[in-house]
Protein chains: 2
Amino acid sequence: MAKRVVILGAGYGGVKCAQTLERKSSRDETEIILVNKHDYHQFIAQIHESAVGLRDNEDIRVSLAEIFDETRVRIIKDIVLHILPKENKILLEQGTVTYDYLVVALGSEPEYFNIPGIERHSLTLRSLNSAKLIRTHIENRFAAFKANPLKREFLTIVVGGAGFTGIELAGELADWVHELVKEFDLPENLVSVINIEAASTILKEYDRQLIENAYHVLREKGVRIVTDTSIEEVTENRIELSSGEVIKTGTFIWTGGIRANRVVARSGFTSAVRGRARVNKYLQAVDYPNVYIIGDNAFITDPATGDVMGPTAQVAIQGGYIAAHNIMADARGDDLKVFYPRELGRVVSLGRNVAVGQIGKKFKSKGRVAGLLKQAIQWKYLYSIGGVKLVTKKLLK
Amino acid sequence: MAKRVVILGAGYGGVKCAQTLERKSSRDETEIILVNKHDYHQFIAQIHESAVGLRDNEDIRVSLAEIFDETRVRIIKDIVLHILPKENKILLEQGTVTYDYLVVALGSEPEYFNIPGIERHSLTLRSLNSAKLIRTHIENRFAAFKANPLKREFLTIVVGGAGFTGIELAGELADWVHELVKEFDLPENLVSVINIEAASTILKEYDRQLIENAYHVLREKGVRIVTDTSIEEVTENRIELSSGEVIKTGTFIWTGGIRANRVVARSGFTSAVRGRARVNKYLQAVDYPNVYIIGDNAFITDPATGDVMGPTAQVAIQGGYIAAHNIMADARGDDLKVFYPRELGRVVSLGRNVAVGQIGKKFKSKGRVAGLLKQAIQWKYLYSIGGVKLVTKKLLK
């Protein structure tokens, strides 16, 4: 009888896992169920562009029905409440589902590090919906300034955290404010975009030259970058820094850290840091070999180097593939594959058409070439999940 | 020596007055100064379309430099703080200006009728800036609902007041929400537009048949119309009605009444109701014959019928013309003209391309014909202030 594989979350990892099972196992071997909050897959790596209104809904997501054969992959649109790994059962908002194998590929959540006021007074960038909240909030603050020109702080935008997400967002925002000042008839010098980072540098896991380039590009765009400075407290329209500086701001977006999905934490898996579950080298939860945990929810170290892997789409996709492979191997009685995450490259976009990136150890790039590279990565991804049809559909609209 | 005429406000009345003086008096007769908060003239009658993002800045306004010869009409961009009619002097935020003749054509302000909480918790529609605040606020509430789907009230929009402004706005909003539900991926049935009116009917000064048509069109569009019901109290996201009903709402826009500009009230002119200054049949302030008060700031009765004139663009434009004429006549020692306001017609737009209207006593119209009529009125107006050049510029963009 076919083994039932339930995949929680249709992000990069979950989609890759479901597609691998769909393509490489037969209906006699696996029954595939994909549970997701929405009936679409979002390209989270592009989401910073949505936060500035650069993308329509359809640019930033694809319907799950479009990438899966629904007679092969059953899609359940529901919210996961709890995993009961001892009973091989999932509690959903509208029902329950049991499994033989489980793949946990749920999205991460912001980590607030117990900074007072931060959760209540910040926006985050983690979905199409939260991106729209950022866009509409900033527009509303700019409109509010026009109605009340004493409120200069309404024209300040602060991004907390200068990792990958914070930097890409700051770059987009800096470009976008040029349009906003026209739309709202504002003097450009009243508007500011500030990026605050507790570490001594932006993009701290990146190559030195890439960091230098990113600094240069962002400063040219007018972003004020503050490093070595942590956020002490956030109240409405006000941020207190460890330097003693107080920034009044109409918009504060927190990108400074992520933690595992709360479902993972509360379902009793052994966890390492920030709620991320411990997994073995096959990506199985250390306590439950029929549960695979991938992407941002797993504490994954590179078996070759011992490095902790960052929460990137690449690692999630590779994890999705390995989980699918190991489930099929286990069901067939074959050997499991060890997960060796590979960093194929890193490209950080810095606003429109500009990026910095490196592929492998040698190839480094900046400016428009890297910008194209970033696009190529997205096209390649679209091709991998939906073939030529999806690439042309998203490009031609 | 030329008499100095200072005109406060570049709305419909102020622009008409300045243009009439520019065209019909010589430099030897008049020196013309136009004081305005912005360096553009706004088409307030179109502003409800801005509140739903239907118009760019440039559709809804024209630069004053474009409609006046600046060697003939001096434009001062400043805010009026106080009029000192005994000293023939105006205090501006950045200076003072004296006059021989003054025309007060400042914009009106909302009248809140001392309803508790209403000023603090409402938006108003009275300028391009306030229209943008409405648009961005509603978009932000819709985005906030997506992030927090328990907050159903974020999808409710309440318009207080069903006069001309409230009805036109409700019609636009009803059309706009169809687009918003697509953009924000919402079920249409969760969204509601409610229009609340204390009087027993909408558009209470209008013809019965026109009112029936407007009811019909708005209901077809899904607007809930509540008449005979006053607003008792407004708190955040909550409106209490005289019927006992409580409406939870993310957006409340107050269009239920206007009063004269506060500058008029505090400058000591004898006033009638809602701060509107008493004027004689020549539109002179009853206390100061060299001060003309026109548009929404004057308590104007039709000398033929005794009816109080509503705060419409038509009356403001006609008042601007009469003020200019009487200033020239007075300076030349000629007889002044009595102001006989004429109602040329009324066209109320009810969302995109649809309107109801009547011209004179006989011609009544509804639907797309009236919609075109409404457009024709705007084109005619553009022609009157800027000639063919302005009409084609605004139409061709």
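Residues numbered from 1 in each chain as written. Chains lettered and ligands numbered in written order. Predicted model: local features only at pLDDT ≥ 70, side-chain atom pairs only at ≥ 80, totals over all residues. Heavy atoms only, no water.

**Student:** I keep staring at the overall build of chain A and nothing clicks. Help me out?
**Tutor:** Each helix and strand counted, chain A has nine helices and 25 strands in total. A compact globule built from 397 residues would reach a C-alpha radius of gyration of about 21 Å, and chain A, at 22 Å, matches this within 12%. Burial analysis of chain A (397 residues in total) assigns 55% to the buried set. In chain A, 65% of the contacts between residues at least 6 apart in sequence involve partners at least 24 apart. Total accessible area on chain A stands at roughly 17,500 Å², and carbon and sulfur atoms take up 49% of it. Side-chain charges in chain A split into 53 positive and 47 negative, and the spacing between the mean points of these groups amounts to 2 Å. (Helix = DSSP H or I, 4+ residues; strand = E, 2+ residues; numbered from the N terminus. Rg over C-alpha atoms; globule rule 2.2 N^0.38 Å. Buried < 20%, exposed > 50% of the residue type's maximum accessible area, 1.4 Å probe, protein only. Contact = heavy atoms within 4.5 Å. Areas by Shrake-Rupley, 256 points an atom, 1.4 Å probe, with all protein chains shown as cover. Lys, Arg positive; Asp, Glu negative; His and termini not counted. Charge placed at Lys NZ, Arg CZ, Asp CG, Glu CD.)

**Student:** What exactly am I supposed to notice about the sheet that holds strand E25 (residues 363-366) of chain B here?
**Tutor:** Backbone-to-backbone hydrogen bonds join strands into a sheet, with any given pair of strands oriented parallel or antiparallel. Residues and elements named next belong to chain B. The strand order across the open sheet formed by three strands is E23-E24-E25, and the pairing between neighbours is antiparallel. Strand pairing shows two members of the sheet lacking a second neighbour, strand E23 (345-349) and E25, which therefore form its edges. Each strand of the sheet is rotated relative to its neighbour by a mean of 5 degrees, with strand direction disregarded. Taken together, the four bridges between strand E24 (residues 355-359) and E25 define a ladder with antiparallel strand orientation. Opposite glycine 357, over in E25, you have serine 365 as the bridge partner. Across the sheet, helix H6 (residues 208-220) lies against E23, E24 and E25, angled at about 170 degrees from E24, the strand it touches most. (Pairing = 2+ DSSP bridges. Axes fitted to C-alpha atoms, helices over the stretch in contact; angles between N-to-C directions.)

**Student:** What's the story with the interface of chain A and chain B in this structure? I'm lost.
**Tutor:** It is common to give the size of an interface as the accessible area lost on bringing the parts into contact. Contact residues are listed per partner, giving 19 residues for chain A and 19 residues for chain B. When chain A packs against chain B, the two sides together hide about 1,600 Å² of surface, and 46% of this comes from carbon and sulfur. The largest per-residue losses of area from chain A upon contact with chain B belong to Asn129, Leu133 and Asn140 of chain A, which jointly make up 27% of the total buried on that side. Across the chain A-chain B interface, the total number found is six salt bridges. One salt bridge in this structure joins arginine 135 of chain A and glutamate 183 of chain B, with 2.6 Å as the shortest N-O distance. Taken together, the links from chain A to chain B amount to eight residue pairs in polar contact (both at pLDDT 80 or more). For the side of chain A that touches chain B, the element with the most residues is helix H4 (residues 128-147) of chain A, which contributes 12 residues. (Buried area = accessible area lost by both parts, 1.4 Å probe. Salt bridge = Lys/Arg side-chain N within 4 Å of Asp/Glu carboxyl O. Polar contact = N/O pair within 3.5 Å; in protein donor to acceptor, adjacent residues only side chain to side chain.)

**Student:** I tried to follow the nonpolar core on my own but got confused; where do I start?
**Tutor:** A general trend in soluble globular proteins is that nonpolar side chains are found buried together. Grouped together as the largest cluster of nonpolar side chains are 99 residues, with contacts concentrated most on Phe142 and Leu173 of chain A together with Phe142 and Leu173 of chain B. Residue contacts for leucine 173 of chain A: discarding those within four places in its chain leaves Val52, Ile138, Ile157, Val159, Val193 and Ile253 of chain A. Grouped together as the second largest cluster of nonpolar side chains are 63 residues, Val73, Leu102, Tyr288 and Met309 of chain B included. (Core = buried A, V, L, I, M, F, W, Y, C linked by side-chain atoms within 4.5 Å.)

**Student:** What is the right way to look at the environment of histidine 48 of chain A in this model?
**Tutor:** Residues and elements named next belong to chain A. One can find histidine 48 in helix H2 (residues 47-50). Residue class for histidine 48 comes out buried when judged on its relative accessible area of 2%. Among residues more than four places away in sequence, those in contact with histidine 48 are Leu125, Glu168, Leu169, Glu172 and Ser349. Within polar-contact distance, the side chain of histidine 48 engages the backbone oxygen of alanine 45 at 3.4 Å.

**Student:** Explain H6 of chain B to me, please; I cannot follow it from the model alone.
**Tutor:** Residues lying three or four places apart along an α-helix face the same way, a consequence of the helix completing one turn every 3.6 residues. All names here are of chain B. In a regular helix each residue adds 1.5 Å, so 13 residues correspond to 18 Å; H6 covers 18 Å between its end C-alpha atoms and thus fits that length. The set of residues buried in H6 consists of Leu210, Ile211, Asn213, Ala214, Tyr215, Val217 and Leu218. Here H6 starts with a cap whose side-chain oxygen sits 2.8 Å from the backbone nitrogen of glutamine 209, and that cap is aspartate 207. Of the residues trailing H6, glycine 222 is marked for its positive phi of about 95 degrees. (Expected span 1.5 Å × (residues − 1).)

**Student:** Help me understand the domain arrangement of chain A in this model?
**Tutor:** Residue and element names in this part refer to chain A. Along its sequence, chain A is organised into domain 1 (3-108 + 260-343) and domain 2 (123-256). In this assembly, 16 residues from domain 1 lie in contact with 14 residues from domain 2. Between domain 1 and domain 2, a total of about 1,300 Å² is buried, with carbon and sulfur atoms accounting for 62% of that surface. Broken down residue by residue, the surface that domain 1 buries against domain 2 is led by His48, Ala51 and Val52, which jointly contribute 44%. Between domain 1 and domain 2 we count zero salt bridges in total. Run the count over domain 1 and domain 2 and you get three residue pairs in polar contact (both at pLDDT 80 or more). Split by residue class, the side of domain 1 that touches domain 2 holds seven nonpolar, seven polar and two charged. (Domains from an automatic or database assignment. Nonpolar A, V, L, I, M, F, W, Y, C, P; charged D, E, K, R; others polar.)

**Student:** Where do I start with the pairing of E24 of chain B in this structure?
**Tutor:** Moving residue by residue along a regular strand, the side chains alternate between the two faces of the sheet. Residue and element names in this part refer to chain B. With four of five residues buried, E24 is to be regarded as a mostly interior element. Here five bridges tie E23 to E24, and the two strands are oriented antiparallel to one another. Bridging from a neighbouring strand, serine 349 pairs with alanine 355 of E24. From the end of E23 to the start of E24, which pair antiparallel, there are five residues, and glycine 351 there has a positive phi angle of about 95 degrees.

**Student:** Which parts of the structure should I look at to understand the sheet that holds strand E7 (residues 89-92) of chain A?
**Tutor:** All names here are of chain A. Here we have three strands laid out as an open sheet, ordered E6-E7-E8, and antiparallel in their pairing. Every other strand in the sheet has two partners, leaving strand E6 (80-84) and strand E8 (95-98) as the edge strands with one partner each. On average, each strand axis in the sheet is tilted by 20 degrees relative to the strand beside it, whichever way the strands run. Where E6 lies against E7, four bridges are found, and the strand directions are antiparallel. Bridge pairing in E7 links valine 80 to leucine 92.

**Student:** Hey, could you run me through the relation of the copies chain A and chain B in this one?
**Tutor:** Mapping between the two copies of the chain is achieved by a rotation about an axis and a shift along the axis. You can overlay chain A on chain B at an RMSD of 0.0 Å; the transform is a turn of 180 degrees with a shift of 0.0 Å along its axis. Such values leave the two copies arranged in the relation of a two-fold axis. When C-alpha positions in chain A are compared against the rotation axis, the closest is assigned to threonine 136 of chain A, at 3.0 Å. A high fraction, 100%, of the interface residues of chain A reappear at the interface in chain B, so the copies pair face to face through one surface. (Least-squares fit on C-alpha atoms with pLDDT ≥ 70 in both.)

**Student:** Whenever I open this one, helix H8 (residues 313-332) of chain B confuses me. Can you help?
**Tutor:** Residues and elements named next belong to chain B. End to end, H8 covers 29 Å across 20 residues, agreeing with the expected 28 Å (1.5 Å per residue, within 8%). Considered for burial, the residues of H8 that qualify are Val315, Ala316, Gln318, Gly319, Gly320, Ile322, Ala323, Ala324, Asn326, Ile327, Met328 and Ala329. Downstream of H8 by one or two residues, glycine 333 has phi in the positive range, about 80 degrees.

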